Amino acid sequence: MGSAMRARATHPRGLLLANNSPRALKAIRTPPSCAANCGGLPRWANTKRLATKTRASGEGSAANEDDDEPSLEQLVLEQQQQKTQKKTARRKADSTDAIATFLTRRFGIAGGIAWLGVLTFGVVSEQLKTRRENFLEKTGTVDVSDAEEVALDSGVKYKDLRLGGGVGNAGQPRYPERGDIISGKVSVWLADGAGSGTDAKGTFVDDNGGKLVAFLFARRPLRGALTEGLEAAVASMRAGGRRRVFVPASLAFGNNGAAFPSGGIVPGGADVVYEIEVERISVPPS
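Everything numeric in this text was worked out from a predicted model, so none of it was measured.

**Some remarks on the overall build of the chain**
Working step 1: Along the chain, the regular secondary structure elements total nine helices and 10 strands.
Working step 2: Residue burial in the chain is summarised as follows: out of 286 residues, 33% are buried.
Working step 3: Carbon and sulfur atoms make up 54% of the accessible area of the chain, which amounts to about 18400 Å² in all.

So this is what it looks like as C-alpha cells:
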C-alpha cells in the first residue's frame, strides 16, 4: 500500500490530491468545456501548472529546475496576444475607390461592374478628346516667313516663325494660364548681331543640348535660361508655335549676367535673343 501511495504521489493528479489544495481540487474537477472559458487553455495546462507549483513548495531543488517554466498568467497573456495578432492580420480591402467599394457592398458585383463601365467610358472619352486636340493642333499649325515684329510696352519684341494650333475645350484656342506646365525647346543668343530687335541674333550661348525644357508658367523663381521677358512673349503662344524673342537686359539676366553648364556666358547688362518652340501646354496634376 505504501508503494501505491508513492506511485500516486508521483502523478500530477495524485500529487494534487495529496496536497489537498482547494485550488488543485477545483482544477481536477473542472470539466473539459472549461477550456473555452479559461483563457483558451486546456485543462491539462492548468493541472500541469498547479502540479509544478506543488512540487516547488515541497522540493526546493525541483523548484529551481522549474523556474524557467512560464506561469499560468503568462500562458493566458500569450494566448490573448496571439488572438489579437490574428485579428489585426486579417486582410483588408485593397480598393482605394470609395465609390466602387460602396456600390459593391450595396448592390453586389453588379454595382462594381457598372462603376467600372463609367470609369472606362471616361477614359475612352478623354483619349478621344486628346486625339481630337492633337489633330486640330497639327492641322492648325502653320509656318510663316513674313510675320511682322511685335513690340510690347516693356521693350520685349517678338516675331512668329510658326503659328501654333493648340486648342482647349470646345476647340477654342489654348493659351498659357498661371500654373500651366509648358514644355518646349529654348535657345539663347546674344543680341550683338548686325540687325536690331529680333534680327540682332548674334553669338550663340546655349540650347540645353536640344532637350526639352519644362516650367510652370507665371511662377517664380525662374531657372536656367528662363527670364521674365521670355515669359511675357510666351503668354500669347499656342502649342506647336515657334517664336523669336528679343529681351532687353533689364528683363533678361540684368547686370549679373548668367553662366550656363554648356560653357555659354551672358555678360552683365547684355540684351539677348531667344528662339522658343512650345510643344505642349498642359494643366498640372492636382
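**Examining unusual backbone geometry**
Working step 1: Here the bond from Arg220 into Pro221 is cis, since omega is 5°, no more than 30 degrees from zero.
Working step 2: Summarising the element assignment, Pro221 is placed in the loop between strand S6 (213-216) and helix H9 (228-234).
Working step 3: In this structure, Asn208 takes a positive phi of about 60° despite not being glycine.
Working step 4: When you line up the elements, Asn208 lands in the loop between strand S5 (204-206) and S6.
Working step 5: You can call Asn208 partly exposed: its relative accessible area is 35%.

**Overview of the pattern of salt bridges**
Working step 1: Applying the stated criterion across every chain yields a total of nine salt bridges.
Working step 2: The partner of Arg174 in a salt bridge is Asp180, with the nearest N and O atoms 2.8 Å apart. The same class applies to Arg174 and to Asp180, which are both buried.
Working step 3: The partner of Arg220 in a salt bridge is Glu231, and the shortest N-O contact between them spans 2.8 Å. Note that Arg220 is positioned in the loop between S6 and H9 and Glu231 in helix H9, a separation of 11 residues in sequence.
Working step 4: Ionic contacts of the salt-bridge type, sharing partners, join the residues Lys201, Arg242, Arg244 and Glu275 into one network.

**Side note on the pairing of strand S3 (residues 157-163)**
Working step 1: As paired elements, strand S1 (residues 142-143) and S3 share two bridges and run antiparallel to each other. Paired with Asp143 across the bridge in S3 is Arg162.
Working step 2: Sheet topology places strand S2 (residues 150-151) next to S3; two bridges connect them, and they run antiparallel. Among the inter-strand pairings, Ala151 is bridged to a residue of S3, identified as Lys157.

**Details of the environment of Phe217**
Working step 1: In this fold, Phe217 is placed in the loop between S6 and H9.
Working step 2: According to the relative accessible area criterion, Phe217 is buried, its value standing at 9%.
Working step 3: Taking the C-alpha atoms as reference, Phe217 lies 10.0 Å from Ser183; in sequence the two are 34 residues apart.
Working step 4: In contact with Phe217, not counting residues within four places along its chain, are Pro176, Glu177, Arg178, Gly179, Asp180, Ile182, Glu231, Val234 and Ala235.

**Looking at the side chain of Thr198**
Working step 1: Mapping Thr198 onto the fold places it in the loop between strand S4 (181-190) and S5.
Working step 2: Given the relative accessible area of 0%, Thr198 is considered buried.
Working step 3: A polar side-chain atom of Thr198 sits 2.6 Å from a polar atom in the side chain of Glu149.
Working step 4: Beyond its immediate sequence surroundings of up to four residues, Thr198 is in contact with Glu149, Lys157, Tyr158, Lys159, Arg244, Val245, Phe246 and Val273.

**Focus: the packing of aromatic side chains**
Working step 1: All chains considered together, the criterion is met by two aromatic pairs.
Working step 2: Considering the side-chain rings of Trp189 and Phe204, the 6.0 Å spacing of their centres and the 70° angle between planes classify their relative orientation as edge-to-face. Highlighted residues: Trp189 in strand S4 and Phe204 in strand S5, separated in sequence by 15 residues.
Working step 3: For Phe204, a relative accessible area of 44% translates into the label partly exposed.
Working step 4: Consider the rings of Phe253 and Phe260, whose centres lie 6.0 Å apart with planes at 90°: the pair is edge-to-face. Across the pair, exposure class does not vary: Phe253 and Phe260 are buried alike.

**So, the environment of Gly202**
Working step 1: Topologically, Gly202 is positioned in the loop between S4 and S5.
Working step 2: Judged by relative accessible area, Gly202 falls into the partly exposed class, the value being 33%.
Working step 3: Spatially, the C-alpha atoms of Gly202 and Leu190 are 5.4 Å apart, while their sequence positions differ by 12 residues.
Working step 4: In contact with Gly202, not counting residues within four places along its chain, are Trp189, Leu190, Asp192 and Gly193.

Parameters at a glance
Per chain, residue numbering runs from 1 following the sequence as it is written. Totals for whole chains, interfaces and linings use all residues, but because this is a predicted model, local features are given only for residues with pLDDT of at least 70 and pairs of side-chain atoms are given and counted only at 80 or more. Just so you know, side-chain values use all the structure's heavy atoms and leave hydrogens and water out. Under the scheme used here, helices are H or I runs from DSSP no shorter than 4 residues and strands are E runs no shorter than 2 residues, and both carry numbers assigned from the N terminus. Summary of the burial criterion: residues with accessible area below 20% of their type's maximum are buried, those above 50% are exposed, and those between are partly exposed, where the area comes from a 1.4 Å probe applied to protein chains only. Throughout, the Shrake-Rupley method with a 1.4 Å probe supplies accessible areas, and for residues the shown protein chains are the sole cover considered. Any carboxyl oxygen of Asp or Glu that lies within 4 Å of a side-chain nitrogen of Lys or Arg is treated as forming a salt bridge with it. In this scheme, strands are said to pair when DSSP sees at least two bridges between them. We call two residues contacting when some pair of their heavy atoms lies within 4.5 Å. Side-chain atoms alone can form a polar contact between residues adjacent in sequence; in general such a contact is a pair of N or O atoms within 3.5 Å, and within protein one must be able to donate a hydrogen while the other accepts it. Only Phe, Tyr and Trp rings are paired, with Trp represented by its six-membered ring, and only when their centres lie within 6.5 Å; those with planes under 30 degrees apart are stacked, over 60 edge-to-face, the remainder tilted.

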